[in-house]
Number of protein chains: 2
Amino acid sequence: MTEAALESMTIGQVANAAGVGVETVRFYEREGLLAKPPRRPSGYRQYPPVAVRRIRFIKRAKDLGFTLGEIRELLALRVDPRTTCGDVRDRAEAKIADIDGKLLALQRMRAALVDLTKACSGRGPTSECPILDALDEEEDR
Amino acid sequence: MTEAALESMTIGQVANAAGVGVETVRFYEREGLLAKPPRRPSGYRQYPPVAVRRIRFIKRAKDLGFTLGEIRELLALRVDPRTTCGDVRDRAEAKIADIDGKLLALQRMRAALVDLTKACSGRGPTSECPILDALDEEEDR
DNA sequence: ATACGGTCCGTACCATACTACGGAGTCAAG
DNA sequence: CTTGACTCCGTAGTATGGTACGGACCGTAT
């Protein structure tokens with residue numbers, strides 16, 4: 001185990017350093033999220049250490065709710081000299097609006113479920129359960 | 001179009017009345033969410049009108065954030081005489097906890113994105129974008 | 001020199017919830 | 001009795017984000 005991030009790394013080293021699996025690295029390459037690295041004569045991928053950073057970038061963006069498709073766009077924006085920081089901010093703002101929509105939907109679900117559980121004593125057979133009854137109602141909401 | 005929900009309905013009538021596609025009805029049957037209906041000699045499914053209700057039940061539960069797997073359990077609870085209303089309430093409460101987890105995650109995402117957009121003037125090239133920089137940082141959070 | 005682990009590739013598979021397709025048979029209206 | 005809409009079935013495809021497999025080859029430590 002010669003640890004030196006100086007020249008080039010194998011796919012396993014990159015995956016390990018970035019905290020993902022080897023298969024995930026190959027998957028990101030196939031999906032165009034990660035540049036195809038040069039190969040050794042044997043066919044082994046040779047990664048520059050910056051590849052680890054790229055993968056961490058992907059992970060962070062994913063944590064912020066971006067899909068891989070959106071992350072691909074983000075990475076493209078970064079490379080394209082015609083785009084500005086405002087283009088990136090637009091993406092971030094769109095994602096915030098996106099999240100707001102999901103928050104609203106979840107809050108509504110939650111309120112409906114809370115209402116239902118409040119109506120349910122917890123005793124009695126399921127045939128008299130107000131929760132199931134509510135789901136079963138013909139005309140509702 | 002003889003509309004009479006008196007005896008039995010075809011799959012198309014059921015799907016239409018419930019607001020789903022024919023394929024969805026067959027899908028729910030395959031997935032065990034919908035009882036297999038009797039057939040006519042030709043093989044055509046013959047649905048009792050209550051099937052429409054069952055599908056609407058599924059739709060409402062889905063709207064509340066239950067997965068088809070969870071809905072299958074909910075339907076099983078209803079049929080099993082040993083289960084009580086409390087069992088159903090437990091499911092609902094677990095789903096609320098579930099939703100709370102998602103809400104928290106989304107709120108955190110949102111806050112992080114808002115922070116990033118605040119740091120971004122919108123002007124300048126992407127090479128100087130604080131949002132992309134933040135995603136790219138080696139040591140972070 | 002050989003063994004063991006890493007890497008190669010293509011393909012298939014996981015879960016979720018459907019949706020589409022093709023070819024044959026059926027039903028009902030005109 | 002013909003026509004057009006509906007239904008049958010099994011299989012395959014959609015999108016998302018990976019994970020797993022298998023057989024062959026590579027690299028290095030002993």
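Residues numbered from 1 in each chain as written. Chains lettered and ligands numbered in written order. Predicted model: local features only at pLDDT ≥ 70, side-chain atom pairs only at ≥ 80, totals over all residues. Heavy atoms only, no water.

Okay, the domain arrangement of chain A next. For chain A, the assigned domains are domain 1 (1-83) and domain 2 (95-141). Between domain 1 of chain A and domain 2 of chain A, the C-alpha centre-to-centre distance is 43 Å. (Domains from an automatic or database assignment.)

Aligned on chain B, chain A shows an RMSD of 0.1 Å; the corresponding rotation is 180° and the shift along the axis is 0.0 Å. Each copy turns onto its partner about a two-fold axis. Ranked by how close their C-alpha atoms come to the rotation axis, the residues of chain A are headed by Leu103 of chain A, at 3.2 Å. When you check the interface residues of chain A against chain B, 100% turn up at the interface there too, and the contact is symmetric in its surfaces. (Least-squares fit on C-alpha atoms with pLDDT ≥ 70 in both. Contact = heavy atoms within 4.5 Å.)

Each side of the interface is counted separately: chain A has 55 residues, and chain B has 55 residues. Buried surface at the junction of chain A and chain B, summed over both partners, amounts to about 4900 Å²; 67% is from carbon and sulfur atoms. Scanning the region where chain A abuts chain B turns up two salt bridges. Among the ionic pairs, Arg110 of chain A bridges to Asp100 of chain B, the shortest N-O distance being 2.4 Å. Applying the counting rule to chain A against chain B returns 16 residue pairs in polar contact (both at pLDDT 80 or more). (Buried area = accessible area lost by both parts, 1.4 Å probe. Salt bridge = Lys/Arg side-chain N within 4 Å of Asp/Glu carboxyl O. Polar contact = N/O pair within 3.5 Å; in protein donor to acceptor, adjacent residues only side chain to side chain.)

Turning to the protein's contact with DNA strand C, a few remarks are in order. Near DNA strand C you find 19 residues, and of these Thr10, Tyr44 and Arg45 of chain A together with Tyr28 and Tyr44 of chain B are the closest. Those atoms of DNA strand C that come within 4 Å of the protein belong to sugar or phosphate at a rate of 68%. Residue Thr10 of chain A places a side-chain N or O atom 2.5 Å away from a phosphate oxygen belonging to DNA strand C. The side chain of Thr24 of chain B places a nitrogen or oxygen atom 3.1 Å from a phosphate oxygen of DNA strand C. When contributions to the surface near DNA strand C are tallied by element, the ones reaching two or more residues are helix H1 (11-18) of chain A together with helix H2 (22-30) of chain B. Per element, the largest residue contribution to the surface near DNA strand C is five residues, and it comes from H2 of chain B. For the surface near DNA strand C, a count of residues per class yields six nonpolar, six polar and seven charged. (Near = heavy atom within 4 Å. Helix = DSSP H or I, 4+ residues; strand = E, 2+ residues; numbered from the N terminus. Nonpolar A, V, L, I, M, F, W, Y, C, P; charged D, E, K, R; others polar.)

Now for helix H4 (residues 68-79) of chain B. Taking 1.5 Å as the rise per residue, H4 of chain B with 12 residues should run 16 Å; its terminal C-alpha atoms sit 17 Å apart, in good agreement. Inspection of H4 of chain B places Ile71, Leu74, Leu75, Leu77 and Arg78 of chain B among the buried residues, and these make up the whole buried set. Taken around the axis of H4 of chain B, the buried residues stretch over an arc of 155°, which confines them to a single face. As for H4 of chain B, its buried residues are in contact with helix H6 (130-136) of chain A together with helix H3 (50-63) and helix H5 (85-118) of chain B. (Expected span 1.5 Å × (residues − 1). Buried < 20%, exposed > 50% of the residue type's maximum accessible area, 1.4 Å probe, protein only. Arc of directions from axis to C-beta.)

With that out of the way, let us pick up H1 of chain A. In an α-helix, one turn spans 3.6 residues; hence positions three or four apart end up facing the same way. Residue and element names in this part refer to chain A. Listing the buried residues of H1 in full gives Ile11, Val14, Ala15 and Ala18. When H1 is viewed along its axis, its buried side chains cluster within an angular range of 95° and face the same direction. At its buried positions, H1 is contacted by helix H2 (22-30) and helix H3 (50-63). Where H1 ends, the next residue or the one after it, Gly19, has phi of about 80°, a positive value.

With that out of the way, let us pick up the protein's contact with DNA strand D. Among the 19 residues in the neighbourhood of DNA strand D, the closest are listed as Thr24 and Tyr28 of chain A together with Thr10, Arg39 and Arg45 of chain B. One of the side-chain nitrogen or oxygen atoms of Lys62 of chain A is found 3.3 Å away from a phosphate oxygen of DNA strand D. At the level of elements, H2 of chain A together with helix H1 (11-18) of chain B are the ones that each hand at least two residues to the surface near DNA strand D. No other element matches H2 of chain A, which puts five residues into the surface near DNA strand D. When its residues are assigned to classes, the surface near DNA strand D shows six nonpolar, six polar and seven charged.

Another aspect to go through is the pattern of salt bridges. All names here are of chain A. On inspection of all chains with the given rule, the structure shows 16 salt bridges over all chains. One salt bridge in this structure joins Glu29 and Arg45, with 2.9 Å as the shortest N-O distance. Taken together, the positions of Glu29 in helix H2 and Arg45 in the loop between H2 and H3 put the pair 16 residues apart, joining distant regions of the chain. In this pair, the class of Glu29 matches that of Arg45, namely buried. When salt bridges that share partners are traced, they join Glu70, Lys95, Asp98 and Lys102 into one network.

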